[in-house]
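Chain and residue survey
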Amino acid sequence: MDVKALIVEKVKEKFGSSLEEVSDFRDDLCLTIKRDQIVPLGNFLKNDPDLQFSMCKDVTAIDWATRKNRFTVVYHIHSFKLNFTLRIKANITDESNSIESVTSLWKSADWYERETYDMYGIKFVNHPDLRRMYMPEGFEHYPLRKDFPLLGIPGSLPFPKKAE
Amino acid sequence: MGLEAILQKDGYVTTTIDAIVSWARKSSVWPMPMGISCCAIEMISAADPKYDIARFGSEVMRFTPRQCDLMIVAGTVTYKMAQVVRRIYDQMPEPKWVIAMGACTSSGGMYRSYSVVQGIDQFLPVDVYTAGCPPRPENLLNALMTLQEKIGKTKARDFQNRPLVDLELAQN
Ligand code: SF4
């Protein structure tokens, strides 16, 4: 059986209406799931003996700027058994900008989620250590959001005075 | 005809203390290699046998600021790193000099962005700027020679009573 068909069939069977969209663009399979189902889905994909998506390669986000549901969180997970990388998307549908953390499933998601929090301000609920990563602690803005000016916000970063 | 020839003829030379001191200073400028990104590779090349920065007395790259006269800032300085650079600069004993190596350090270079300091002269007194992305090792040597010229003109009184300043943080 084709790998993609197998994954889609299994996920559809288990999650049914929570699966919002399945797309196969340029040979990349992408599942869009309801936000609250992300951890159960990850758990299923990781622990199903036929799938075994044991590695989380990336967590990032998209800022759609003008859409009502502004943020989409994107995961890339890999299965060594199938030699296949799957993309999962979850649209954030409310103002809280939060989503359940997947660190309980994949340890590697820890820093990816921290980075996503740092750059987009998405809060990962139950993340063990959700701190800023690149920007200094205490920085109040999220640089990769579309409304953040390219040259930054004057006065927002600590900076040493000129030496004599 | 070198110094030996004069000494053999007359047995002494006349000079000033300032001239001797500045000559000694400029002939052994010990750099603090502040290699933060790609420019550092060219700075390292300048120290290798082909370019041989030792010809100018600057082969002693010290990784502690306490033993340095010159900070070569080689690389992109971000706002986060700026505080570190400034702190290391503050730890260097007087007299001290700064070379801004490369486009990033001199002006932010191609990183016209929120995270990169648009020129380290905003928080350090730069003596020589070096153009290039990255500058060739020859260019760094040229910067060093320019600096030596500058040091050669200094007098002891130029460095007297410089107040010790504490590191203060302002906002960008
Ligand atoms: S000037 Fe060019 S080579 Fe040097 S640190 Fe910047 S980007 Fe790298």
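Structure first, text after, so check above.
Residues numbered from 1 in each chain as written. Chains lettered and ligands numbered in written order. Predicted model: local features only at pLDDT ≥ 70, side-chain atom pairs only at ≥ 80, totals over all residues. Heavy atoms only, no water.

On to the overall build of chain B. Within chain B one finds six helices and five strands. Listing each helix as α and each strand as β along chain B from the N terminus yields α-α-β-α-β-α-β-α-β-α-β. If one aligns the C-alpha atoms of chain B with their principal axes, the spans along those axes are about 65 × 40 × 25 Å. For chain B, buried positions account for 41% of its 172 residues. Contacts in chain B between residues at least 24 apart in sequence constitute 77% of all its contacts with a sequence separation of at least 6. Carbon and sulfur atoms make up 56% of the accessible area of chain B, which amounts to about 9,400 Å² in all. Between the averaged position of the 18 positive side-chain charges in chain B and that of its 17 negative side-chain charges there is a distance of 3 Å. (Helix = DSSP H or I, 4+ residues; strand = E, 2+ residues; numbered from the N terminus. Buried < 20%, exposed > 50% of the residue type's maximum accessible area, 1.4 Å probe, protein only. Contact = heavy atoms within 4.5 Å. Areas by Shrake-Rupley, 256 points an atom, 1.4 Å probe, with all protein chains shown as cover. Lys, Arg positive; Asp, Glu negative; His and termini not counted. Charge placed at Lys NZ, Arg CZ, Asp CG, Glu CD.)

What follows is about helix α3 (residues 109-120) of chain A. Residues and elements named next belong to chain A. For α3, spanning twelve residues, the distance from its first C-alpha to its last is 16 Å, which sits close to the expected 16 Å at 1.5 Å a residue. Among the residues of α3, those classed as buried are Ala109, Glu113, Arg114, Thr116, Tyr117, Asp118, Met119 and Tyr120. Considering only its buried residues, α3 is in contact with β3 (55-63), β4 (71-79) and β7 (123-125). Backbone geometry just downstream of α3 places Gly121 in the positive-phi region, at approximately 75 degrees. (Expected span 1.5 Å × (residues − 1).)

Sheet strands pair by backbone hydrogen bonding; their relative direction is either parallel or antiparallel. All names here are of chain A. With mixed pairing, the five strands of this open sheet are ordered in space as β1-β2-β5-β4-β3. In this open sheet, the two strands that pair with only one neighbour each are β1 (19-25) and β3. The mean angle between the axes of side-by-side strands here comes to 20 degrees, regardless of whether they run parallel or antiparallel. The strands touched by α3 are β3 and β4; relative to β3, the strand with the most contacts, the crossing angle is about 10 degrees. (Pairing = 2+ DSSP bridges. Axes fitted to C-alpha atoms, helices over the stretch in contact; angles between N-to-C directions.)

A word on the sheet that holds strand β2 (residues 70-74) of chain B. Residue and element names in this part refer to chain B. The four strands lie next to each other as β1-β2-β3-β4, forming an open sheet whose pairing is parallel. Unpaired on one side and paired on the other, β1 (31-35) and β4 (128-130) mark the two borders of the sheet. Each adjacent strand pair in this sheet contributes to an overall mean axis angle of 15 degrees, direction not counted. Examined bridge by bridge, β2 and strand β3 (residues 97-101) share five bridges and lie parallel to one another. Within β3, the position partnered with Leu70 by the bridge is Trp97. Sitting on the sheet, helix α6 (residues 137-152) touches β2, β3 and β4, and the angle it makes with β3 is about 155 degrees.

Another aspect to go through is the packing of aromatic side chains. All told, the structure shown has seven aromatic pairs over all chains when counted by the stated rule. Relative to Phe44(A), the ring of Phe15(A) lies with its centre 5.9 Å away and its plane at 70 degrees, an arrangement referred to as edge-to-face. Of this pair, Phe15(A) sits in helix α1 (residues 3-15) while Phe44(A) sits in helix α2 (residues 38-47); the two residues are 29 residues apart in sequence, bridging distant segments of the chain. The structure contains a cluster of three or more aromatic residues connected by ring pairs, namely Phe139(A), Phe148(A) and Tyr114(B). Of note, Lys96(B) hangs over the ring of Tyr89(B), and the distance from its end group to the ring centre comes to 4.3 Å. (Phe/Tyr/Trp six-rings, centres within 6.5 Å; stacked < 30°, edge-to-face > 60°. Lys NZ or Arg CZ within 6 Å of the ring centre and 35° of its normal.)

Reports often express the size of an interface as the amount of accessible area lost when the parts come together. Contacts between the two partners involve 22 residues from chain A, matched on the other side by 23 residues from chain B. Both sides together, the interface formed by chain A and chain B hides about 2,100 Å², and carbon and sulfur atoms give 61% of it. Connecting chain A to chain B are four residue pairs in polar contact (both at pLDDT 80 or more). Take the side of chain A that touches chain B: its biggest share by element is three residues, from strand β8 (residues 158-160) of chain A. Of the residues contributing to the side of chain A that touches chain B, the split by class is 16 nonpolar, three polar and three charged. (Buried area = accessible area lost by both parts, 1.4 Å probe. Polar contact = N/O pair within 3.5 Å; in protein donor to acceptor, adjacent residues only side chain to side chain. Nonpolar A, V, L, I, M, F, W, Y, C, P; charged D, E, K, R; others polar.)

What follows deals with α6(B). Residues and elements named next belong to chain B. Compared with the 22 Å implied by 1.5 Å per residue over 16 residues, the 22 Å span of α6 between its first and last C-alpha is a close match. Taken residue by residue, α6 has Pro137, Leu140, Leu141, Ala143, Leu144, Leu147, Gln148 and Ile151 as its buried positions. Here the buried residues of α6 occupy an arc of 155 degrees about the axis, which is enough to place them on one side. For α6, the elements touching its buried residues are α2 (17-27), α3 (39-46), β2, β3 and β4. (Arc of directions from axis to C-beta.)

Next up on the list: the environment of Trp106(A). Residue and element names in this part refer to chain A. On the secondary structure map, Trp106 appears in the loop between β6 (98-100) and α3. According to the relative accessible area criterion, Trp106 is buried, its value standing at 4%. For Trp106, the residues in contact, after removing those within four places along its chain, are Gly42, Lys46, Phe53, Ser54, Met55, Cys56 and Ile77. Side-chain polar atoms of Trp106 contact the backbone oxygen of Phe53, separated by 3.1 Å.

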